[in-house]
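# Coordinate inspection notes
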Amino acid sequence: MPPTVTERELNQADVADAARYLAGRIVPTPVLGSPELDGLAGARLLLKAENLQHSGSYKMRGATVAVGRLADAGRAAGVVCQSTGNHAAAVAQAARRHGLAAVVVLPADAPPGKVARAAAAGACVLRAEGDPHEVVRQVHADTGYPVIDAYDHPDVVAGQGTAALELIEAAEAAGTPLDALVVPVGGGGGAAGAVLAATGRGIDVYGVEPYGCDSLARSLAAGHRVPVTPAATLADGLRPACVGALPFRVLRDSGIDPVRVGDDAIAHAFRLIVTHLKLVVEPSGAAALAGALRVADSHRTVGVLLTGGNVEADLVGRLMEGSAA
């Protein structure tokens, strides 16, 4: 694992602290509903539109907390991270805000739009043909830049959890408290943050993974982290080879229920979101709705975290035509 993983336990107070830090620094994204989607689900759905967040995804939350606290302490001239795309762009934007250098490591097959977004924020973008963590280790060794890991950094996990916290609190304020919360799962940081936010509130949390990219589901069944060789999927943001160590410590005893979905279900959910909410989200975010449609009929009010909106224009066209899945 990267050398700056902090081994400490997180709790609900960490998410609340992150929310206070983020006040005025990120977009308090809207919570939306649709009678048509409610009818399809058999329950009320409340969808958190994190595609409208700075950098286009909820990853901005964790990056803002992690990079901001590091910058506030004056401990670094730059940062380094690896990512499938959204975390890299968020770290790059957060670093630029504080005048820090940023080196981001992306897989060779990262979507061009996500690569361009990180570069536009001023990051030095490196493409990894092999294990991106090895590249991160080398950059860290060469520069001394702290690693802002996408999954195994406490401030990242707590920051990601603020999206779920806002959704939970919005539902409570509207008099329709959630009894279920559905989040997409890649490396597990967002799911871990959501579980922490939901602690003690009587909310069932579901973690959605594409078939063949289901490290969390396999790890929960085995009782230890199980890596996978990620399968091809529309949800490029949900393809890490293994759930993070810190998220797994949070999730293994949390009671989170894994839900697996296929590309057909993700593409269908994408079209529903465009049609009924007039939003464009990336397939990784649409996966949350795909999962919610699987489990919602046993609940009253279900929160759905639409995690991001950084999707390639040509893929939008193919998804709407029904030719991408």
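Each remark here, short or long, concerns the structure printed above.
Residues numbered from 1 in each chain as written. Predicted model: local features only at pLDDT ≥ 70, side-chain atom pairs only at ≥ 80, totals over all residues. Heavy atoms only, no water.

### Considering the side chain of Asp-214
In plain terms, the rule: Per the convention used, a helix needs a DSSP run of H or I reaching at least four residues, while a strand needs a run of E reaching at least two, with both numbered from the N terminus. Type-normalised accessible area, obtained with a 1.4 Å probe on protein chains alone, sets the label of each residue: buried when under 20%, exposed when over 50%, and partly exposed for intermediate values. The term polar contact refers here to a pair of N or O atoms within 3.5 Å; inside protein, the definition further demands a hydrogen-donor-capable atom paired with an acceptor-capable atom, and it admits residues adjacent in sequence only when both atoms are side-chain atoms. Any two residues having at least one pair of non-hydrogen atoms within 4.5 Å are treated as being in contact.
With respect to the secondary-structure elements, Asp-214 resides in the loop between strand E7 (204-210) and helix H9 (215-222). Here Asp-214 falls in the buried class, since its relative accessible area comes to 4%. Polar contacts involving the side chain of Asp-214 include one to the side chain of Arg-260, which spans 2.7 Å. Not counting residues within four places of it along the chain, the set of residues in contact with Asp-214 comprises Glu-209, Val-228 and Arg-260.

### Examining empty space enclosed by the protein
For clarity, the threshold we go by: The rule is simple: put a 1 Å grid over the protein atoms alone, call a set of points where a 1.4 Å probe fits but cannot get out a cavity, call an open set with protein on both sides within 12 Å along at least five of seven lines a pocket, and count a residue as lining if it has an atom within 4 Å of a point. Grid points are joined across faces, edges and corners, and a volume is the space filled by probe spheres set on the points. All amino acids are sorted into three groups, where Ala, Val, Leu, Ile, Met, Phe, Trp, Tyr, Cys and Pro are nonpolar, Asp, Glu, Lys and Arg are charged, and the leftover types, Gly among them, are polar.
Here the structure, examined in full by the defined rule, presents one cavity of 30 Å³ or more. Of the pockets and cavities examined, the largest cavity occupies roughly 240 Å³. What lines the largest cavity is a set of 26 residues, among which Tyr-58, Lys-59, Asn-86, Gly-237 and Leu-238 lie closest to the centre. Every element with two or more residues in the lining of the largest cavity is listed here: helix H4 (86-97) and helix H8 (189-198). Examining the composition of the lining of the largest cavity, we find that three residues originate from one element, H8, more than from any other. Looking at the lining of the largest cavity residue by residue, the class counts come to eight nonpolar, 15 polar and three charged.

### A closer look at the side chain of Asp-179
By the element assignment, Asp-179 lies in the loop between helix H7 (154-173) and strand E6 (180-184). The class of Asp-179 is buried, set by a relative accessible area of 11%. Polar side-chain contacts of Asp-179 include one of 3.1 Å to the backbone nitrogen of Arg-300.

### Considerations on the pairing of E7
The condition is simple: Seen with its strands pointing away from the viewer, a crossover is right-handed if its path from the first strand over the helix to the second goes clockwise. Here, any two strands with at least 2 DSSP bridges between them count as paired.
Buried residues dominate E7, accounting for six of its seven residues. Note on the crossover from E6 through H8 to E7: the handedness is right-handed. Of the pairings in the sheet, the one linking E7 to strand E8 (residues 257-261) comprises five bridges and is parallel in character. Counterpart to Gly-207 in the pairing with E8 is Pro-258.

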